[in-house]
Amino acid sequence: MEAEANSGSLEDSWAFIQSLGEGCRTVPLAGHVGFDSLPDQLVNKSVTQGFCFNILCVGETGLGKSTLMDTLFNTKFEGEPATHTQPGVQLRSNTYDLQESNVGLKLTIVSTVGFGDQINKEDSYKPIVEFIDAQFEAYLQEELKIRRVLHAYHDSRIHVCLYFIAPTGHSLKSLDLVTMKKLDSKVNIIPIIAKSDAISKSELTKFKIKITSELVSNGVQIYQFPTDDESVAEINGTMNAHLPFAVIGSTEELKIGNKMMKARQYPWGTVQACFHYPLPCHAVENEAHCDFVKLREMLIRVNMEDLREQTHSRHYELYRRCKLEEMGFKDTDPDSKPFSLQETYEAKRNEFLGELQKKEEEMRQMFVQRVKEKEAELKEAEKELHEKFDRLKKLHQDEKKKLEDKKKSLDDEVNAFKQRKTAAELLQSQGSQAGGSQTLKRDKEKKNFF
């Protein structure tokens, strides 16, 4: 009976709801409803925010780094020409705002001014490594802030390093090997042979094989285009076999056939033997002549986002992990239990305070020791001054005694002289008196005589 009563109440409720809905307006959907629209939302948000991409150009002066950048992005970037008189390697960074369709790109190009120009090239790589680490450190400091604004932060981390190799046709220079070895754990390296039109096609093929062999034998890890994505696996796998890219840069456009192409013109005969054009030029965008198109496709169209991702997930994470481990942070303790950030902070703080107290104690003991040493020096100096004073005092007394004896002797001489003078005056007066009496006597005798 109770079940029948409940069933009846449910039927009444449903009938009541249907009666309410008879007068409601039906609202049609504006479009498809589903979470499969999330990628579109992400794309719209990313396009609105814009993108950033940072390129580091490493190579000796005169290899055409600036020209290649102008050619890659079909833009004339403003910049001061580099000289060969730099005392050391300096990194010059310039940021440009580019727009293509409705996508904005904040492009930063960092060039190594003076690289390879010094006689002593031993430390040429150090300013480059320090610059890359400085960008990682700036991003890490922003991450560690209490109030982070990473969405508005200008990410200056280097996403790709285009390493320009001189077209010698023989082998890599020691400077190139050392520099790439120091950079391969910090940045994605894509080696390129600059001004590849300076050597013949056969020499270029042998040069590529030689470079690849030397990189492998020296353990230099260069960037490999990813093949895990099926949509780009084939093209990336093919392009990995073409590394290092041999490129030519030019901003001059020449008419080749019926097309305007970026090319290099020479004063000698036809270079494009495969097309038999009568114009003495070398087309930059011709894949038969150089790998410029391959580089542009791999760098900009296919793998730009992967380069950004590799920079964050691999190189930056390595720097961040090493930096936090230096600060004493770890993921797990010896018992494989997760670390508490608060406990780690307190332990590090106590350790720091302990070291600070230890240093204070050492400084205090050092100060006391220096005070004691200074007191001993002052006492020794005081003792020496007393001894010197005693010597001078004794010397003064001896000199005074000598002067007193000499004064006494002089006084005796003066007294003797005075006595002799008195005796002499007395004798003189007596002689004068005797002479006067004799004169009177003679006068008296003379008077009596007459």
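What you see is a predicted model, and the numbers here were worked out from it, not measured in a lab.

About the cut-offs
- All chains use their own residue numbering, which begins from 1 and follows the written sequence.
- Two thresholds apply to this predicted model, a pLDDT of at least 70 for residue-level local features and 80 or more for giving and counting side-chain atom pairs, whereas whole-chain, interface and lining totals are computed over all residues.
- Side-chain descriptors were evaluated using all non-hydrogen atoms of the structure, hydrogens and water having been removed beforehand.
- Values of pLDDT, the confidence the predictor places in each residue, fall between 0 and 100.
- Helix and strand definitions here come from DSSP, where helices need a minimum of 4 consecutive H or I residues and strands a minimum of 2 consecutive E residues; each element is numbered from the N-terminal end.
- Pairs of residues are marked as contacts when any of their non-hydrogen atoms sit within 4.5 Å.
- Among the buried residues, those of types Ala, Val, Leu, Ile, Met, Phe, Trp, Tyr and Cys that are joined through side-chain atoms within 4.5 Å form a nonpolar core.
- Each residue gets one of three labels from its accessible area relative to the maximum for its type: buried under 20%, exposed over 50%, partly exposed in between, using a 1.4 Å probe on protein chains only.
- The pairing test for Phe, Tyr and Trp rings, Trp by its six-membered ring, is centres within 6.5 Å, and the orientation test on the planes gives stacked under 30 degrees, edge-to-face over 60, and tilted for anything in between.
- Any two strands between which DSSP finds at least two bridges are classified as paired.
- Comment: axis = line fitted to C-alpha atoms, over the contacting stretch for helices; angle = value between 0 and 180 degrees taken between N-to-C directions.

## Topic: the confidence of the model for the chain
Working step 1: The pLDDT averaged across the chain works out to 81; a share of 78% of its residues lies at or above 70.
Working step 2: Looking over the chain, one finds the lowest element-wise mean pLDDT in strand 9 (residues 281-283), namely 41, and the highest in strand 4 (residues 160-165), namely 96.
Working step 3: Here residues 1-6 is a poorly scored stretch, pLDDT under 50, and it has 0 contacts once near neighbours within four places are set aside; other chains count.
Working step 4: Note that residues 268-286 has pLDDT below 50 and, in this model, 60 contacts with residues that lie over four places away or in other chains.

## Quick word on the nonpolar core
Working step 1: Ranked by size, the top nonpolar core spans 69 residues in total, and within it Ile55, Leu162, Ile190, Phe245 and Leu299 carry the most contacts.
Working step 2: The biggest single contributor to this core is helix 4 (residues 126-143), with 7 residues.
Working step 3: Once residues lying within four places of it in the same chain are set aside, the contact partners of Ile190 are Val160, Cys161, Leu162, Tyr163, Tyr223, Phe225, Leu243, Phe245, Leu295 and Leu299.

## Some remarks on the side chain of Gln135
Working step 1: Following the sequence through the fold, Gln135 ends up in helix 4.
Working step 2: In this structure Gln135 comes out as buried when scored by relative accessible area, which is 13%.
Working step 3: Contacts of Gln135, omitting those with residues within four sequence positions, involve Ser156 and Arg157.

## Digging into the packing of aromatic side chains
Working step 1: Applying the stated criterion across every chain yields a total of 9 aromatic pairs.
Working step 2: Pairing Phe73 with Phe77 gives two aromatic rings, centres 6.2 Å apart and planes at 70 degrees, and the pair type is edge-to-face. In this pair, the class of Phe73 matches that of Phe77, namely buried.
Working step 3: With a centroid separation of 5.1 Å and an interplanar angle of 85 degrees, the aromatic rings of Tyr139 and Tyr316 are classed as edge-to-face. Note that Tyr139 is positioned in helix 4 and Tyr316 in helix 9 (residues 304-326), a separation of 177 residues in sequence.

## Description of the sheet that holds strand 3 (residues 103-113)
Working step 1: If you walk across this open sheet you meet the 6 strands as 2-3-1-4-5-6, and the pairing is mixed. In this open sheet, the two edge strands, each paired with only one partner strand, are strand 2 (90-100) and strand 6 (245-246).
Working step 2: Bridge analysis of strand 4 against strand 5 (residues 189-193) gives 5 bridges, and the strand direction is parallel. Along strand 5, the bridge assignment pairs Leu162 with Ile190.
Working step 3: In the packing of helix 5 (residues 174-183) onto the sheet, contacts are made with strand 1 (51-58), strand 4 and strand 5, and the angle to strand 4 comes to roughly 170 degrees.

## Brief notes about unusual backbone geometry
Working step 1: With an omega of -5 degrees, the peptide bond running from Leu243 to Pro244 counts as cis.
Working step 2: By secondary structure assignment, the location of Pro244 is in the loop between helix 7 (230-240) and strand 6.
Working step 3: The phi torsion at Asn74 lies on the positive side, around 50 degrees, for a residue other than glycine.
Working step 4: Inspection of the secondary structure puts Asn74 in the loop between helix 3 (65-72) and strand 2.
Working step 5: By relative accessible area, which is 57% here, Asn74 ends up exposed.
Working step 6: If you check the backbone angles, Lys195 has positive phi at about 50 degrees while not being a glycine.
Working step 7: Within the element layout of this structure, Lys195 appears in the loop between strand 5 and helix 6 (201-217).

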